[in-house]
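Examining the three-dimensional arrangement
These are the residues of each chain, in order.
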Amino acid sequence: MKNQTAQLRSEKNHIDRAIASLPVVVVCAVALVLIPVLLVIFALPVLANFAAQNLPVRMEKSLGNYILNSGELLLDPTQLSAQITDQYRARVEKLAAVAQLGAVEVHFRAGLPNALALPGNIVVLTDGLVKTMADGDAIDAVIAHELGHLHHRHLIKTIVSTSLLTEVVLHLNSESAATNRTSNMVAGLALSPHYSRANEREADRYAIELLIKNQQSPLLFAKAMRLMAEAYKSRGGLPSGYTASHPDMESRAQMAENYKLP
Amino acid sequence: MSKRPSIFYSARLERFFQSPEDAKAYPVDALPADLPFDALPDQVDTGRPLALEFSAKTGDYFRLWVVCQCLTMATFGLYGPWARTRKANFLASHWRLDKQPFEVHFIPAALLRGRLLVFAFLLSFALLSLWNPWTQPFMLLAAFAAAPWLLANSFAFRWRTLRFKNIQFDSEVKPSVLRFPFYLLGLATALATVPLPAVFSAKSPFLNLAWVIFVVLLPAAIFWPRATAALTHYRFSQASWGNQQFNLNATPKIIYSHMWRNAFSRWTVIFSFAYGGLVVLAQLWGNRDAQAVVQAIGYLLLTVFAVTLSRSRRLNFVLHRLNVGGLRFESTMNPDRMSALTVGYALLAVCTLGLSIPWSTVHFCKWRAARVALYLDGDWTQFQAVEQPRAAAGALNELGNAFDIEIGI
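Residues numbered from 1 in each chain as written. Chains lettered and ligands numbered in written order. Predicted model: local features only at pLDDT ≥ 70, side-chain atom pairs only at ≥ 80, totals over all residues. Heavy atoms only, no water.

**Some points on the overall build of chain A**
This is how the line gets drawn: Counting from the N terminus, the helices are DSSP H or I runs at least four residues long and the strands are E runs at least two residues long. Exposed residues in this analysis have more than 50% of their type's maximum accessible area, buried residues have under 20%, and partly exposed residues fall in between, with area computed by a 1.4 Å probe over protein chains only. Contacts: residue pairs with any heavy atoms within 4.5 Å of one another. Using a 1.4 Å probe, the Shrake-Rupley method yields the accessible areas, and only the shown protein chains count as cover for residues.
Of the regular secondary structure elements, chain A holds 12 helices and three strands. Residues counted as buried form 46% of the 262 residues belonging to chain A. For chain A, the proportion of contacts with a sequence separation of at least 24, taken over those separated by at least 6, is 69%. Total accessible area on chain A stands at roughly 13,000 Å², and carbon and sulfur atoms take up 60% of it.

Take a look at the structure:
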């Protein structure tokens, strides 16, 4: 090894000299670890945000419609009457007007209590959600939360950040498919839920502020979270913990109860 | 030399009874006792045994690798082809057969052109998908339609850049022989991306079953293995070294049948049971994080371990049925160990954020070198360079290679 290092040093090529120099090698090793980590922690959210904010509306709409109509959601047509769906559509439109989000497309589907925000200002409410929130205005809190996702363009950000994360992993481990798969799995397990929960919290804060702007109590949000938790209790509860995509419902309810206006 | 080892054979005992001199001259790990039972050579190993060794040191490769990776990162990938060339030259020059090194002849500028073309293609694919996701199935169909042509060119590139004793390797695969398996696979993959809520939400069990059969079961059981078997066959059977053509004594059908017969080992069965047990335990515990971790372990075992297992068995199978002129091969690479090593390397790479890759690369090369034996009937003069060696990097070859599809056996 000493001979080879000495031989490299004697050559004129500056890259060969760099390879032979221990300080350069140490600096490169540190940079190789630090730069991707810093990239993932700091640059990735900024890049994802930039891409999401600058994506043409037409592309967003097209993507939203594709997801809505693809088999990915696995949702059946709604069983609700037109009268009820009109009533809830009006609630969404009213809140969207307060939020100044422009026209929002509302769709209804059968299924467990849930709501979705898709790119291109599309909101999906399920029959289960309508039944769970049947009494009072608690459903406004859920709608406001979905409008928060639309306002912050969370789904687009997730798509962009996941793609960029994959690129970073690919760049680091391009020499082995097995290493690539494993790193992607670990990155997916450790980072994706973290990003997702951060998005949910951001949408929660937006929802509370929107409720206040609409002259409604932030406690509606706490009520909605507890109703959702109750609805899933008999099904083993909603996922929580480090690998869950959403924060646990009780902490979200408490956040609304303790919310202080900025 | 290559008799099936006795069931009473123990490598540890063998090591214990060996004199230090014998151990040096005949390392136990390279003896046929490690032959996996499914990998006995079909050919009689006559001829002179040739020494195959990999002499690189981890420290040397680490220095080279870390500087190359850093430069690639600093130049946003533009230095990548030069880095790849340096790394490939280093590794090839440390592989020695009969005390002679191998050589690779990459042209970095040509590699860069290929990479830029691929980057442009992938970027347009991504933008088109965002602009109109309904174009995805058509783009996938186009990609699979081009796959045979790309793969044939990738083979040509890879073989033509390699030399031994200053004689070039070559490959000339006709894309038409790869069309059938890839078109079927492409059709199924494209269909899987077609949004068909009508099929999913239809109350017709027949439609749902037909969908699952064509989009999930047939590709996994037939289309993908058939395509892999065809690639394995043509990759070797159409290759040559100088004036000598490689001869692979296995049709794609035989390779496909081998893949099915050897898809599992005792370890995959043990892992499957262990995985099942962990799933049940995690469910009983009710902890969602534990369930997610168990799922990740399952993914690791089912994809990385199982895929490597299948690949290493295929590699042994091919090596034992391959010859070029009077040169024959024998492998004592244990597929289970090879898969365990690959999983270990991958986990280590994740834990060290990639810094262990140079070590694992050198370790794996040494591991393979100690377990592959070559025999030569006759002498080296039977291998003559062809009069007009082909260019390693034509535009088509670069493009094929730049896709760098994982086609290795």
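**Notes on the overall build of chain B**
Within chain B one finds 15 helices and 11 strands. Per-residue burial for chain B yields a buried fraction of 48% across its 409 residues. Counting every atom, chain B has about 20,300 Å² of accessible surface; 67% of that belongs to carbon and sulfur.

**Things to note about the pairing of strand β8 (residues 244-248) of chain B**
Residues and elements named next belong to chain B. Our working definition: For two strands to be treated as a pair, DSSP must find at least two bridges joining them.
Residues Q244, F246 and L248 point to one face of β8 and are all buried, whereas Q245 and N247, pointing to the other face, are not buried. Counting the residues between successive antiparallel strands, the hairpin from strand β7 (residues 239-241) to β8 contains two residues, one of them, G242, with a positive phi of roughly 60 degrees. Here three bridges tie β8 to strand β9 (residues 322-324), and the two strands are oriented antiparallel to one another. Bridge assignment links F246 to a residue of β9, and that residue is V324.

**Examining the sheet that holds β9 of chain B**
Residue and element names in this part refer to chain B. As a reminder of what qualifies: Structural elements are reduced to axes, namely lines fitted to C-alpha atoms, with helices fitted over the stretch in contact, and the angle between N-to-C directions of any two is expressed from 0 to 180 degrees.
Spatially, β1-β11-β10-β9-β8-β7-β6-β5-β4-β3-β2 is the arrangement adopted by the 11 strands of the open sheet, whose pairing is antiparallel. Each having just a single partner strand, β1 (48-50) and β2 (52-54) make up the two edges of the open sheet. Across the sheet, the mean angle from the axis of one strand to that of its neighbour is 30 degrees, orientation sign disregarded.

**A short note on helix α10 (residues 252-261) of chain B**
Residue and element names in this part refer to chain B. Stated formally: Picture the helix axis, draw a direction to every C-beta atom, and the arc is the one those directions span.
Among the residues making up α10, those that are buried are P252, I255, Y256, H258 and M259. Along the axis of α10, the buried positions cluster into a sector of 160 degrees, meaning they face one direction only. Those residues of α10 that are exposed and aimed more than 90 degrees away from the buried face are K253 and R261.

**Concerning the side chain of H149 of chain A**
Residue and element names in this part refer to chain A. Worth spelling out the cut-off: Residues adjacent in sequence count toward polar contacts only when both atoms are side-chain atoms; beyond that, a polar contact is any pair of N or O atoms within 3.5 Å, and within protein one must be able to donate a hydrogen and the other to accept it.
Relative to the elements of secondary structure, H149 occurs in helix α7 (residues 138-152). Residue classification places H149 among the buried residues on the basis of a relative accessible area of 10%. Within the structure, H149 has its side chain in polar contact with the side chain of H154 (distance 2.8 Å). In this structure, H149 is in contact with A117, H154, N199, E200 and A203, ignoring residues within four places of it in sequence.

**Here we look at the pairing of strand β2 (residues 115-118) of chain A**
Sheet topology note: the β2 of chain A/strand β3 (residues 122-126) of chain A ladder contains four bridges and is antiparallel. Within β3 of chain A, the position partnered with A117 of chain A by the bridge is V123 of chain A.

**Side note on the sheet that holds strand β1 (residues 105-109) of chain A**
All names here are of chain A. Judged by pairing direction, the sheet is mixed, and its three strands sit side by side in the order β1-β3-β2 without closing on themselves. Both edges of this open sheet fall to β1 and β2, since each of them pairs with a single strand only. The average angle at which neighbouring strand axes cross in this sheet is 20 degrees, direction not considered. Sheet topology places β1 next to β3; five bridges connect them, and they run parallel. Its bridge partner lying in β3, R109 is registered against T126. Most of the contacts of helix α5 (residues 82-99) go to β1, to which it runs at about 140 degrees, and overall it touches β1 and β3.

**So, the interface of chain B and chain A**
Basically, it comes down to this: Two parts placed together each lose some accessible area under a 1.4 Å probe, and the buried area is that loss summed for both. Any carboxyl oxygen of Asp or Glu within 4 Å of a side-chain nitrogen of Lys or Arg constitutes a salt bridge here. Under the convention adopted here, Pro, Cys and the residues Ala, Val, Leu, Ile, Met, Phe, Trp and Tyr are nonpolar, Asp, Glu, Lys and Arg are charged, and Gly plus all remaining residues are polar.
Counting from both sides, the interface comprises 55 residues of chain B and, opposite them, 53 residues of chain A. Of the roughly 4,600 Å² buried at the junction of chain B and chain A (both faces included), carbon and sulfur atoms supply 67%. Per-residue buried area on chain B facing chain A is highest for R63, M73 and R288 of chain B; these three make up 16% of the total on that side. Inspection of the region where chain B meets chain A yields one salt bridge. With a closest N to O distance of 2.7 Å, R86 of chain B and D16 of chain A form a salt bridge. Across the contact surface, chain B and chain A share three residue pairs in polar contact (both at pLDDT 80 or more). Here the side of chain B that touches chain A gets 14 residues from one element, more than from any other, and that element is helix α3 (residues 58-74) of chain B. Here the residues of the side of chain B that touches chain A are counted per class, giving 33 nonpolar, 13 polar and nine charged.

**Some points on the confidence of the model for chain B**
Spelled out, the test is: Per-residue confidence from the predictor is reported as pLDDT, a score between 0 and 100.
Model confidence for chain B is summarised by a mean pLDDT of 77, while 80% of its residues fall at 70 or above. Below pLDDT 50 for its whole length, residues 1-11 of chain B participates in 19 contacts with residues either more than four positions away or in separate chains.

**Focus on the packing of helix α4 (residues 80-94) of chain B against helix α5 (residues 108-131) of chain B**
All names here are of chain B. What counts is decided by this rule: Throughout this description, any angle smaller than 35 degrees is read as roughly parallel, any larger than 145 degrees as roughly antiparallel, any in the 65 to 115 degree range as roughly perpendicular, and the remainder as oblique. Crossing handedness is read from the near helix: turned anticlockwise from the far helix by less than a right angle, it gives a left-handed crossing, and turned clockwise, a right-handed one.
In contact at an axis separation of 8 Å, α4 and α5 are set at 130 degrees when each is read in the N-to-C sense. When the axes of α4 and α5 are compared, the pair comes out oblique. Pair α4 / α5 crosses with right-handed handedness. Contacts between α4 and α5 involve G80, P81, W82, R84 and T85 from the former and P108, A109, L111, L112 and R115 from the latter. The class makeup of the residues in the contact of α4 with α5 is six nonpolar, two polar and two charged.

**Topic: the packing of aromatic side chains**
Residue and element names in this part refer to chain B. Rule in force here: Put simply, two rings from Phe, Tyr or Trp (the six-membered ring, in Trp's case) pair if the centres are within 6.5 Å, and we call them stacked under 30 degrees between planes, edge-to-face over 60, tilted for the rest. Criterion for a charge above a ring: Arg CZ or Lys NZ at most 6 Å from the ring centre, at most 35 degrees from the ring normal.
Evaluation of the coordinates by the stated rule reveals 17 aromatic pairs over all chains. Judged by centre distance (6.0 Å) and plane angle (80 degrees), the rings of W159 and F236 are edge-to-face. Of this pair, W159 sits in helix α6 (residues 136-160) while F236 sits in helix α9 (residues 205-237), placing them 77 residues apart in sequence. The two residues W159 and F236 agree in class, both being buried. On the numbers, 5.9 Å between centres and 80 degrees between planes, the contact of Y345 with W359 is edge-to-face. Taken together, the positions of Y345 in helix α13 (residues 335-351) and W359 in helix α14 (residues 357-369) put the pair 14 residues apart, joining distant regions of the chain. Judged by its relative accessible area of 10%, Y345 is buried. Here the aromatic cluster, defined as three or more aromatic residues joined through ring pairs, consists of F102, W159, F164, F169, F236, W241, F246, W380 and F383. Over the ring of Y256 we find R226, and its NZ or CZ is 5.7 Å from the ring centre.

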